Amino acid sequence: MSTSADLLKELRIDRSVPPPPSRRRLWIALAIIGAVLAVGLVGWILFGRDDTPQVRTARAVEIGGGNGGVSVLDATGYVVARRIATVSSKITGRVREVLIEEGQHVKDGEVMATLDPVDADAARDLAAAQLAAARSQSGSVQAQLREAEANATRLDSLVEGQLVSQAQYEQAVAQRDALRAQLVTARRNAQVASDQLRIAENGVDNTVIRAPFAGVVIAKAAQPGEIVSPLSAGGGFTRTGIGTVVDMDSLEVEVDVGEAYIGRVQPEMPVEATLNAYPDWKIPGEVIAIVPTADRGKATIKVRIALNVRDPRIVPDMGVRVSFLETAQPADAGAPPPGVLVPGSAIVVRNDEQVAFVVAGAEVEQRTLQLGRTLGEDREVTRGLGGGEMVVLDPPEELMEGMSVRVADEAGDED
């Protein structure tokens, strides 16, 4: 009976143990947290975001006034090299060694590369052997001629005493004359062989590619094992050059001047060049020549300009802006200030007026402009802007006077 009572006690529910927690409360807590996060996100979107527009800017560049002269014309162009050469071999061959790299300075006649000389060496050795054989043959004929001359002289004295027949003497004379002709031919053959040897030596020298002048290597076009040829070959496996060399002392500027303004340009006229890469660096120069032909498609005339400064920062194909200068005139107190150049994208139309927006602190000012010439992608502003002021590029339609803006960094990163 005690055992049955114990079993019944085990079947009773223990009211002292707390019931397991309900999952409903957990879901309610998670829902409350999600709602709080959603409300916070909406509040940040509506009130926490900075709606200040971000803009890109450029500096207005004053025209003229660089070295005491007044600019009468501005044009754009590029730095070019008068002495530039893509160096190739005179023969077709396989590259054995390339001794240049981009940026390397080379001297006049310095070895830039070598070709496989196996064929050229074999041709030279053959020519040398032919020359030796020709000289040996010439020596043999010369020895025979000495003997024939002595025999003819001896028979000449004997035929007078009638000790030998006239026929024997005439035969000796004919043999002597024949050997003399053979000697002339042998000597000429030796000379031809010598010339062939010299040509073969030139062929060996042609396997060595040298710099045509002192300069800087700007391109390396071949690698060891490739085939190079002075002629353009079909397919993509034959190179036509080893590398390109530029004489940096021959750098100059070429600009295209509109036909309507070419009358303002004169030979030896002073100029001031500004590289696009270094806008604060004014480089003095002068006009070399006005090329006497026009481009009918662009209605421009090419002008060559010499730079009076040699600097490693100046490299071929750099963009440059050139101001043609005249002798400075005495300052007039009532004269308007010189114009400025700004990118064309900074000028927009507002209320039928040409305007630009200038960044002053954290706000913008709207300026009404009086425009002048168009210089490439830039516009000349004769009134409304001053040199050094920062103008907004591609101003949006909603940009207005007095609005606050954020100036983007040079990389154009967005906040």
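Here the structure is a predicted model, which means the values were calculated and not measured.

Undergrad: Before we move on, can you summarise the packing of helix α3 (residues 118-160) against helix α4 (residues 166-205) with the specific residues and values?
TA: Viewed as axis vectors pointing N to C, α3 and α4 meet at an angle of 165°, and their least axial separation amounts to 7 Å. In this view, α3 runs roughly antiparallel relative to α4, as classed from their interaxial angle. For the pair α3 and α4, the sense of crossing is left-handed. Taken together, the residues of the contact of α3 with α4 break down into 23 nonpolar, 14 polar and nine charged.

Undergrad: Go over the packing of aromatic side chains with me, naming the residues and quoting the values.
TA: In this structure the tally under the stated criterion is one aromatic pair. Here the basic side chain of Arg313 rests over the ring of Tyr278, its NZ or CZ set 5.4 Å away from the ring centre. Over the aromatic face of Trp281 sits the side chain of Arg313, whose NZ or CZ is 3.9 Å from the ring centroid.

Undergrad: Outline the environment of Gln196, supporting the account with residue identities and numerical values.
TA: Relative to the helices and strands, Gln196 is located in helix α4. What makes Gln196 partly exposed here is its relative accessible area of 39%. With residues up to four places along the chain from it excluded, the contact list for Gln196 reads Ala127 and Gln130.

Calculation criteria
- Residues take numbers from 1 onward in each chain, read along the sequence in its written order.
- Whole-chain, interface and lining totals are the exception, using all residues; otherwise, since this is a predicted model, local features are given only for residues with pLDDT of at least 70 and side-chain atom pairs are given and counted only at 80 or more.
- Side-chain measures were taken over the full set of non-hydrogen atoms in the model, leaving aside hydrogen atoms and water.
- Where helices are involved, their axes are fitted lines through C-alpha atoms of the stretch in contact, as for all axes, and angles between N-to-C directions lie from 0 to 180°.
- In this text, helices come from DSSP runs of H or I with a minimum length of four residues, and strands from runs of E with a minimum of two, each type numbered from the N-terminal end.
- Each angle receives one of four descriptions, namely roughly parallel if under 35 degrees, roughly antiparallel if over 145, roughly perpendicular if within 65 to 115, and oblique otherwise.
- Crossings are classed by handedness, with left-handed meaning an anticlockwise turn of the near helix from the far one by less than a right angle and right-handed meaning a clockwise turn.
- Here the nonpolar group is Ala, Val, Leu, Ile, Met, Phe, Trp, Tyr, Cys and Pro; Asp, Glu, Lys and Arg are the charged ones; every other residue, Gly included, is treated as polar.
- Only Phe, Tyr and Trp rings take part, Trp by its six-membered ring, and two of them pair if their centres are within 6.5 Å. Stacked means planes under 30 degrees apart, edge-to-face means over 60, and tilted covers everything else.
- In this scheme, the term charge over a ring applies when either NZ of a lysine or CZ of an arginine sits within 6 Å of the ring centre and within 35 degrees of the ring normal.
- Exposed residues in this analysis have more than 50% of their type's maximum accessible area, buried residues have under 20%, and partly exposed residues fall in between, with area computed by a 1.4 Å probe over protein chains only.
- Here, two residues are considered to be in contact whenever any of their heavy atoms come within 4.5 Å of each other.

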